[in-house]
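# A closer look at the structure
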Amino acid sequence: MNTSVMLPAVHVRAPGMLTLVLRVGPAGADGDHQLATVYQAVSLHEDVVATPAEEITVSTTGPWADRVADDETNLACRAARLLAEASGTSTGVHLQITKRVPVGGGMAGGSADAAAALLACDLLWQTGLAREELGHLAAELGADVPFALTGGTAVALGRGDRLTPALARGCYHWVLGIRAQGLSTGEVFTEWDRLHPDQEPVPHIDDAVMAALISGDPHRLAEVLGNDLDDAAGNLAPAVQQVQQVLADSPALASLVAGSGPTVAALAPDHPTAVEIAETLRTARVADHVEVVTGPAPGARLLESVREDEA
């Protein structure tokens, strides 16, 4: 490990994500479902600032801070401990997280925190690990964490951690209808199993989805969006259905649940229309929070670091 130059602060940003397509297969012996997913990182992000400390600690601010435990169960804290063990680092770190991605909203905010923490601690401690090695550690933390590292648009298979980058031309404009009360991913999949006793053995992503992404045309993408968990999330959180009903009468090209919900994402043809759709949702008061975002966004990346001789 190279410790010739100490960095007193490292600021890393990582994106939340949407599932443009989510196909669900049956659960295996381990209880995990086989998935075929298209992820897209979006501009709603998490910020992590890492500073040297005697121990590994975490604190959280932002709109969703009251929903997060600042202890060893925090996924960012777990990421730092995993990296310290893998790299042989004995130095501690304090991780200051600013949360903007909803907790339990189906947008992998915790995974973004973990990815940002991995990169921030790697830079702070100067571990010298390759990005590929960080990816392996990310997969140990959770199925969505590797994508939060890479960002962009990707196809994911298995549990969602076998990633293949996907070519997505253009910029897509999304409106998010967010519910303050999140959903348990496990409960949503249990409801999915109840609703679908006979499931396709191997889920897959249709070629039409990839063609739509390559086209860069939001109208073509709208035709292939889909989430198998829509009905399950709607059954557990009726507010999901209320948001979708309002969006059906708006200029949105299409809408779907983000991940396991309950966030609902609507695709707009352009930014002005996205702003119009967002105002429609706010006026209808069917969502607790409304955000306008764009995708694809980059993965975890350094925003700022300061060397000790510059501090």
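Here we summarise the structure given alongside this text.

A complete count under the given rule lists seven salt bridges for this structure. Among the salt bridges present, the one from Arg100 reaches Asp47, with a minimum N-O distance of 2.7 Å. Of the two residues, Arg100 sits in the loop between strand E4 (92-98) and helix H2 (109-125) while Asp47 sits in strand E2 (residues 33-53), which places them 53 residues apart along the sequence. Classification of Asp47 by relative accessible area gives buried; the value is 5%. In this structure, Arg282 engages Glu279 in a salt bridge whose closest nitrogen and oxygen atoms are separated by 4.0 Å. With a gap of three residues between them, Arg282 and Glu279 both fall in helix H10 (residues 271-284), about one helical turn apart. Residue classification places Arg282 among the partly exposed residues on the basis of a relative accessible area of 42%. According to the relative accessible area criterion, Glu279 is partly exposed, its value standing at 44%.

Relative to the helices and strands, Gly135 is located in helix H3 (residues 131-141). For the pair Gly135 and Ala148, spaced 13 residues apart in the sequence, the C-alpha separation amounts to 9.9 Å. Excluding anything up to four places from it in sequence, Gly135 contacts Pro146 and Leu149.

All right, on to the layout of surface pockets then. Considering only enclosed or pocket space, the largest pocket measures out at about 1,100 Å³ in volume. Lining the largest pocket we find 43 residues, and of these Ala108, Ser111, Asp144, Thr185 and Ser260 sit closest to its centre. Those elements that provide at least two residues to the lining of the largest pocket are strand E1 (9-27), E2, helix H1 (75-87), H2 and helix H5 (185-195).

As a further point, take the nonpolar core. Counting 38 residues, the largest nonpolar core has Leu83, Val93, Leu95, Trp125 and Leu141 as the members making the most contacts within it. When residues of this core are traced back to their parent elements, those giving at least two are E1, E2, strand E3 (56-61), H1, E4, H2, H3 and helix H4 (145-150). With 32 residues, the next largest nonpolar core counts Val38, Val103, Ile178 and Ala254 among its residues.

Spatial strand order, E9-E10-E7-E11: four strands in an open sheet with antiparallel pairing. Every interior strand has two partners, whereas the edge strands, strand E9 (254-257) and strand E11 (289-295), have only one. Each neighbouring strand pair of the sheet contributes to a mean axis angle of 25 degrees, computed without reference to strand direction. As defined by bridge partners, strand E7 (residues 172-178) adjoins strand E10 (residues 264-268) across five bridges and the pair is classed as antiparallel.

Below, the discussion takes up the packing of H2 against H3. The geometry of H2 relative to H3 is characterised by a closest axis approach of 10 Å and an angle of 140 degrees between their N-to-C directions. Overall, the two elements H2 and H3 adopt an arrangement that is oblique. In this structure, H2 crosses over H3, and the sense of that crossing is right-handed. Seen from H2, the contacting residues are Ala114, Leu118, Leu119 and Asp122; seen from H3, they are Arg131, Leu134, Leu137, Ala138 and Leu141. Across the contact of H2 with H3, the residue classes break down as seven nonpolar, no polar and two charged.

All right, on to the pairing of strand E5 (residues 153-158) then. E5 sits mainly inside the fold: five of its six residues count as buried. The pairing of E2 with E5 spans six bridges and is antiparallel. The partner of Leu35 across the bridge, within E5, is Gly158. Where E5 and strand E6 (residues 162-165) come together, four bridges link them in antiparallel fashion. For Val155, the partnering residue across the bridge sits in E6 and is Thr164.

Here we come to empty space enclosed by the protein. Summed over all chains, the structure comprises one cavity of 30 Å³ or more. The computed volume of the largest cavity comes to approximately 30 Å³. Gly177, Ile178, Arg179, Ala239, Val240, Val243, Pro262, Val286, Ala287 and Asp288 are the residues that line the largest cavity. Mapped by element, the contributors of at least two residues to the lining of the largest cavity are E7 and helix H9 (238-248). The element best represented in the lining of the largest cavity is H9, accounting for three residues. Its residues assigned to classes, the lining of the largest cavity shows seven nonpolar, one polar and two charged.

For the rest of this paragraph, the subject is the pairing of E7. Within E7, seven of the seven residues are buried, which leaves it mostly tucked inside the rest of the structure. Side chains Tyr172, Trp174, Leu176 and Ile178 project from E7 onto one buried face, and the interleaved His173, Val175 and Gly177 project onto a second face that is buried too. Sheet topology note: the E7/E11 ladder contains seven bridges and is antiparallel. For Val175, the partnering residue across the bridge sits in E11 and is Val292.

The rules behind these values
Residues numbered from 1 in each chain as written. Predicted model: local features only at pLDDT ≥ 70, side-chain atom pairs only at ≥ 80, totals over all residues. Heavy atoms only, no water. Salt bridge = Lys/Arg side-chain N within 4 Å of Asp/Glu carboxyl O. Helix = DSSP H or I, 4+ residues; strand = E, 2+ residues; numbered from the N terminus. Buried < 20%, exposed > 50% of the residue type's maximum accessible area, 1.4 Å probe, protein only. Contact = heavy atoms within 4.5 Å. 1 Å grid on protein atoms, 1.4 Å probe; cavity = no way out; pocket = protein on both sides within 12 Å on 5 of 7 lines; lining within 4 Å. Points joined across faces, edges and corners; volume = space filled by probe spheres on them. Core = buried A, V, L, I, M, F, W, Y, C linked by side-chain atoms within 4.5 Å. Pairing = 2+ DSSP bridges. Axes fitted to C-alpha atoms, helices over the stretch in contact; angles between N-to-C directions. Parallel < 35°, antiparallel > 145°, perpendicular 65-115°, else oblique. Left-handed = near helix turned anticlockwise from the far one by under 90°. Nonpolar A, V, L, I, M, F, W, Y, C, P; charged D, E, K, R; others polar.

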